[in-house]
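# Structure assessment
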Amino acid sequence: GTSQHPLDDKGRVFFPVRFLPELQKDSCGDATVVVTLGPGGCLYLMGHHDFDLARQPFSDSAFPSPAELQAQRDFYGKVEEVKLKSGRLLLPDSLRKKAGIDRQLTMVGCGNRIEVWEPARLDAVEGELDGAFETFNAESNSALPPGGE
């Protein structure tokens, strides 16, 4: 789903309760979220398990290729772990600025992550995506044999 949220003066937002079961809790019972910059200028919020899945394309080599090294710096250099406190999430200022988020934001549930958008930026992106699900679904199903699953 999609929901609109205001940021308070400290850059905190109430975290939707429906997403809490997906998060691991520490020994004190506090949930943590991994926050990073996603494609298109949004923020990604993920639990630790899903963050580990997102890291899998990178090799474990001590000497990655120059292209992989750049990708690793780009990916890992923008990652922060944030604790939920009293149901609120403090979005890191540096990441909020990169995503253009000021006073209002839109959260979009996207499977294993939550995308956090500046509302006007999301509107622009959604304008380009009109019909994307139908196209993807048609292409995915074209691989099936006629009448088969």
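The present account deals with the structure reproduced in this document.

Counted under the stated rule, the structure contains four aromatic pairs. Their ring planes at 50° and their centres at 5.4 Å tell us that F58 and F75 sit as a pair that is tilted. Of this pair, F58 sits in the loop between α1 (48-55) and α2 (66-76) while F75 is found in helix α2, placing the two residues 17 residues apart along the sequence. Where F75 meets Y76, the ring centres are 5.1 Å apart and the plane angle is 75°; that geometry is what we call edge-to-face. Judged by relative accessible area, Y76 falls into the partly exposed class, the value being 34%.

Taken as a whole and judged by the stated rule, the model has eight salt bridges. When the shortest N-O distance is used, the salt bridge between R12 and D8 registers 2.6 Å. For D8, a relative accessible area of 23% translates into the label partly exposed. In this structure, K78 and D74 form a salt bridge, with 2.3 Å as the shortest nitrogen-oxygen distance. For K78, a relative accessible area of 19% puts it in the buried group. A network of salt bridges, in which partner residues are shared, links D8, R12 and R88.

The next point concerns α2. Regarding α2, the residues found buried are E68, Q72 and F75. Viewed end-on, α2 has its buried residues packed into an arc of 70°, placing them on one side of the element. Residues P66, A67 and R73 are exposed on α2 and point more than 90 degrees away from its buried face.

Turning our attention to the sheet that holds strand β8 (residues 113-117). A sheet is described by the order of its strands in space; here eight strands give the open sequence β1-β7-β8-β4-β3-β5-β6-β2, paired in antiparallel fashion. Every interior strand has two partners, whereas the edge strands, β1 (2-6) and β2 (12-14), have only one. Adjacent strand axes in the sheet meet at a mean angle of 30°, parallel and antiparallel pairs treated alike. Of the pairings in the sheet, the one linking β1 to strand β7 (residues 104-110) comprises five bridges and is antiparallel in character. Within β7, the residue paired with S3 across the bridge is M107. In the packing of α1 onto the sheet, the strands contacted are β3 (32-37), β4 (43-46) and β5 (80-85), and the crossing angle to β4 comes to about 120°.

Conventions used here
- Throughout this description, residue numbers start from 1 for each chain and increase along the sequence as written.
- In keeping with the predicted nature of the model, local features appear solely for residues at pLDDT of at least 70, side-chain atom pairs appear and are counted solely at 80 or more, and the whole-chain, interface and lining totals rest on all residues.
- For side-chain calculations, the full set of non-hydrogen atoms in the structure is used, while hydrogens and water are omitted.
- Put simply, two rings from Phe, Tyr or Trp (the six-membered ring, in Trp's case) pair if the centres are within 6.5 Å, and we call them stacked under 30 degrees between planes, edge-to-face over 60, tilted for the rest.
- Numbering goes from the N terminus for both helices and strands, where a helix is a DSSP run of H or I of at least four residues and a strand is a run of E of at least two.
- Each residue's exposure class comes from its accessible area (1.4 Å probe, protein chains only) as a fraction of the maximum for that residue type: buried when under 20%, exposed when over 50%, partly exposed otherwise.
- Any carboxyl oxygen of Asp or Glu within 4 Å of a side-chain nitrogen of Lys or Arg constitutes a salt bridge here.
- What the arc measures is the spread of directions leading from the helix axis to the C-beta atoms.
- If DSSP finds at least two bridges between two strands, the strands pair.
- Convention adopted: a line fitted to C-alpha atoms gives each axis, helices being fitted over their contacting stretch, and angles between N-to-C directions are expressed from 0 to 180 degrees.
- Contacts: residue pairs with any heavy atoms within 4.5 Å of one another.

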